[in-house]
Structures are given as structure tokens and as C-alpha cells.
Amino acid sequence: MQRITSRENPMIKNVSALMLSSRERRTQRLFVAEGERLCGDAAKSGAEIVHAFFTDSACKKYPQVCELIRQKAQNSLLISEELAQKIADTKTPQGIFCVCRMLDKTADLVHINKNNRFVVLENLQDPSNMGAVFRSAEAFGLDGVILAGACCDVYAPKAVRAGMGAVFRMPLFLMPSGAEAAKLLNRNGIRTAAAVVGRTALPPAHARLGAGCAVFIGNEGNGLSQECIQECQTLVTIPMTGRAESLNAAVAAGILIWEMIRE
């Protein structure tokens, strides 16, 4: 493998840019996975790995994973520990990085099965919340996650880590707004349920959240847009007896995803 030692190497600079900038990720349609677990998931899941970077110590510590990644990657390179620290998003990098091609299946959303289950995230801004929702959606077998409106970047390093590799496997769909997503799902026979805080909303057990349903989760601070709520067929709320006014978006999504599967 070719060895890179200079901090000024264009490939190293590009990895740093992809780590730091959502604009660069969108423009290049590339993102970075870091660490033995996530990079191994990328290789096992069939993601397109454009470049793979390894330190000598990583090759010695994780020989099987590194070999699998090398077999799948279009290009593999060795880097120094210093360069690993430069491009890493974690404090103690494991010395394995994969530059992967982005995935999204927007066009497939018009061919959905009427028994599918989805979670729709509208204007979600916290990448850790985003990753946690992906992780829950995969764990409970949902058919996809729909990102609507001005969501944060699902390929941001924190989102990829929080999702524990779910981004490589979960179908991802993009929509311009929550209202547009609700209209499309309604037309395709999927029940739409908006998660809100309010006495007029139904508790999950009464909201028919089983097969053929999509639950909408809104922005951490403002919730769902009024346009989206108006397009959804049902309002659902999670009853709370404590003093908190609302739940964290990822926690609320996890509870409602469980209700979708439980039914």
C-alpha cells in the first residue's frame, strides 16, 4: 500500500474537509466512517468504499477487519499516527478511516408497500439524535427513515457514530418538507401520525401505529410544522406524568417505533 506522511497531502486535506463540512459532503457525495466497528460495517454492508486509510498499529490490532476493508476498497493507503489524529473526529482514533459514497433512495418512495413502516424526521437538527433514530429504526425492523425539510446531515461523523452503522443498511429517503412527505404517504395508503404534545392527541395504544404507518417526529425545539400536522391523518402523543413538558426527539421516536412494532 502507498504510504502518506505529509499533512499537506491533498487526500488528507480532503478527508478533513469531509469530516468538517456538510457542504463538502453534499458536493462530493462522499462521507467518512471512522473506527474498526463502523468501517467494518461499511465493508460488510456493501457500501462503496472509495478510499481506506490505515495506521500500522491498526493493521496489527485489527488484521481481519483491515483485510476485509482492503478487499472492498477501491484504494487503500497507510498513514502515520499523527495524520490519524489530524483527520479523526474522536479523541482516541483507532487508525481506520473509510471514505464512502453516499446513499439515498428518494425515487423508491413512490413504490412503497402499503404494509411498510416508516419514521419521518422533519427539520431534526441534532446529529446525535439523528443517528439514534436510525439505530432504533434498524433495531426494530422499520422499512426506512424519511428525512423531510432542513434536517441535519445524516452523514455527519456524530450521526454516523450514534447510528452504529445503521446508515449503511437502513433505506433513506429525502423529501422537501414534512407536509409533502405526508401527502405522498397518504396517497400511497400509508397512515400518517404526527407526534405532538397535546390533550387532543391519541395515546400510542389507540393511534393504530402498526403495519402501513408512518410516524412523524419534529424539530427538537419547535416540533412539527403546522403544515405537516395538518396533512397527517392522526395526532399521537406520549402520556407523561412527570414535570417535563416534552421528550428528547430520539427518545420519543424510540418509544413510538416500539409501539409500531408491538402492534
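Rules used throughout
- Within any chain, residue numbers begin from 1 and follow the written order of that chain's sequence.
- Local features in this predicted model are restricted to residues of pLDDT 70 or higher, and side-chain atom pairs are both shown and tallied only at a pLDDT of 80 or more, whereas totals for entire chains, interfaces and linings draw on every residue.
- With hydrogens and water stripped out, all remaining heavy atoms of the structure feed into the side-chain values.
- By definition, any uninterrupted DSSP run of H or I lasting at least four residues is a helix, any uninterrupted run of E lasting at least two residues is a strand, and each is numbered from the N terminus.
- Here's how the labels work: a residue is buried when its accessible area is under 20% of the maximum for its type, exposed when over 50%, partly exposed in between, all with a 1.4 Å probe on protein chains only.
- Axis definition: a line fitted to C-alpha atoms, limited for helices to the stretch in contact. Angles are taken between N-to-C directions and run from 0 to 180 degrees.
- Angular relationships are summarised with four words: roughly parallel below 35 degrees, roughly antiparallel beyond 145, roughly perpendicular across 65 to 115, and oblique for the angles in between.
- The handedness criterion is simple: a crossing whose near helix is rotated anticlockwise from the far helix by less than a right angle is left-handed, and one whose near helix is rotated clockwise is right-handed.
- We call two residues in contact whenever any of their non-hydrogen atoms come within 4.5 Å of each other.
- Throughout this entry, Asp, Glu, Lys and Arg are counted as charged residues, while Ala, Val, Leu, Ile, Met, Phe, Trp, Tyr, Cys and Pro are counted as nonpolar. The remaining residues, Gly among them, count as polar.
- Centres within 6.5 Å make a pair out of two Phe, Tyr or Trp rings, where for Trp the six-membered ring is used; the pair is then stacked when the planes are under 30 degrees apart, edge-to-face when over 60, and tilted otherwise.
- We call a charge positioned over a ring when the NZ of a Lys or the CZ of an Arg lies within 6 Å of the ring centre and within 35 degrees of the ring normal.
- The term nonpolar core refers to a set of buried residues drawn from Ala, Val, Leu, Ile, Met, Phe, Trp, Tyr and Cys, joined through side-chain atoms within 4.5 Å.
- In this analysis, the expected span of each helix is defined as 1.5 Å times one less than the number of residues it contains.
- The salt bridge definition used is simple: a Lys or Arg side-chain nitrogen within 4 Å of an Asp or Glu carboxyl oxygen.
- A pair of strands is treated as paired once DSSP finds two or more bridges between them.

(A) Expanded view of unusual backbone geometry. Residues other than glycine seldom take positive phi values, yet asparagine 123 does so here, at roughly 60°. For asparagine 123, the position within the fold is in the loop between strand 6 (117-122) and helix 7 (127-139). Phi at arginine 208 takes a positive value of approximately 55°, unusual for a residue other than glycine. Looking at the secondary structure, you find arginine 208 in the loop between strand 9 (191-195) and strand 10 (213-217). Accessibility expressed as a relative area gives 53% for arginine 208, which makes it exposed.

(B) Up close: the environment of alanine 195. Tracing the chain through its elements places alanine 195 in strand 9. For alanine 195, a relative accessible area of 22% gives the class partly exposed. Residues alanine 195 and isoleucine 229, 34 residues apart in the sequence, show an inter-C-alpha distance of 8.6 Å.

(C) Looking closely at the packing of helix 3 (residues 36-44) against helix 5 (residues 63-72). Running from amino to carboxyl end, helix 3 crosses helix 5 at an angle of 40°, the nearest separation of the two axes being 9 Å. Judged by the inter-axis angle, helix 3 sits oblique to helix 5. Helix 5 is crossed by helix 3, and the crossing has left-handed handedness. Where helix 3 approaches helix 5, its residues Glu36, Cys39, Gly40, Ala43 and Lys44 are matched on the opposing element by Val65, Leu68, Ile69 and Lys72. Here the residues of the contact of helix 3 with helix 5 sort into five nonpolar, one polar and three charged.

(D) Region of the structure containing the side chain of arginine 25. Looking at where arginine 25 falls in the secondary structure, it is placed in helix 2 (residues 22-28). Residues contacting arginine 25, with those up to four places away along its chain left out, are Leu18, Met19, Leu20, Leu30, Phe31, Met102, Asp153, Tyr155, Ala156 and Pro157.

(E) Fine view of the packing of aromatic side chains. Across all of its chains, the model carries four aromatic pairs by this definition. Ring geometry for phenylalanine 31 against tyrosine 155: centres 4.4 Å apart, planes inclined by 35°, an arrangement best described as tilted. With phenylalanine 31 in strand 2 (residues 30-34) and tyrosine 155 in the loop between strand 7 (144-148) and helix 8 (157-162), this residue pair connects regions lying 124 residues apart in the sequence. The residues phenylalanine 31 and tyrosine 155 share a single accessibility class, namely buried. Ring geometry for phenylalanine 118 and phenylalanine 173: centres 5.9 Å apart, planes at 80°, overall edge-to-face. Here phenylalanine 118 is found in strand 6, whereas its partner phenylalanine 173 is found in strand 8 (residues 172-175), with 55 residues between them in sequence. For the pair formed by phenylalanine 118 and phenylalanine 173, the shared burial category is buried. Over the aromatic face of phenylalanine 54 sits the side chain of arginine 70, whose NZ or CZ is 5.7 Å from the ring centroid.

(F) Up close: the nonpolar core. Membership of the largest hydrophobic core comes to 57 residues, with the highest contact counts inside it found for Ile69 and Leu121. Of the residues forming this core, the biggest block, seven residues, is contributed by helix 11 (residues 249-262). The contact partners of isoleucine 69, leaving out residues within four places of it in the chain, are Cys39, Gly40, Ala43, Ile49, Ala52, Phe54, Ile96 and Cys98.

(G) Geometry of helix 11. Over its 14 residues, helix 11 extends 20 Å from the first C-alpha to the last, a length consistent with the 20 Å expected when each residue adds 1.5 Å. For helix 11, the secondary structure elements touched by its buried residues are strand 6, helix 7, strand 9, strand 10 and strand 11 (234-236).

(H) Inspection of the pattern of salt bridges at higher detail. Following the criterion strictly, the structure yields 12 salt bridges and no others. Glutamate 67 is paired through a salt bridge with arginine 70; the nearest N and O atoms lie 2.8 Å apart. Of this pair, glutamate 67 and arginine 70 both sit in helix 5, separated by three residues, roughly a single helical turn. Ionic pairing is found between aspartate 89 and arginine 161, a salt bridge with its closest N-O pair at 2.7 Å. One end of the pair, aspartate 89, is in the loop between helix 6 (81-87) and strand 5 (96-101); the other, arginine 161, is in helix 8, with 72 residues separating them in the sequence. A single network of salt bridges, built from pairs that share partners, joins Arg37, Asp41, Glu138 and Arg169.

(I) How the structure looks around the sheet that holds strand 4 (residues 76-79). Read from one edge of the open sheet, five strands run 1-4-3-5-2, paired in mixed fashion. Of all the strands in the sheet, just strand 1 (2-4) and strand 2 have a single pairing partner and so form its edges. Taken over all neighbouring pairs, the strand axes of this sheet differ in orientation by 25° on average, direction set aside. As defined by bridge partners, strand 1 adjoins strand 4 across three bridges and the pair is classed as parallel. Across the sheet, the residue bridging to glutamine 2 is leucine 77, located in strand 4. Each of strand 1, strand 2, strand 3 (49-54), strand 4 and strand 5 is contacted by helix 1 (residues 10-20), which is oriented at about 90° to strand 2, the strand it contacts most. Lying over the sheet, helix 3 contacts strand 2, strand 3 and strand 5, oriented at roughly 40° with respect to strand 5.

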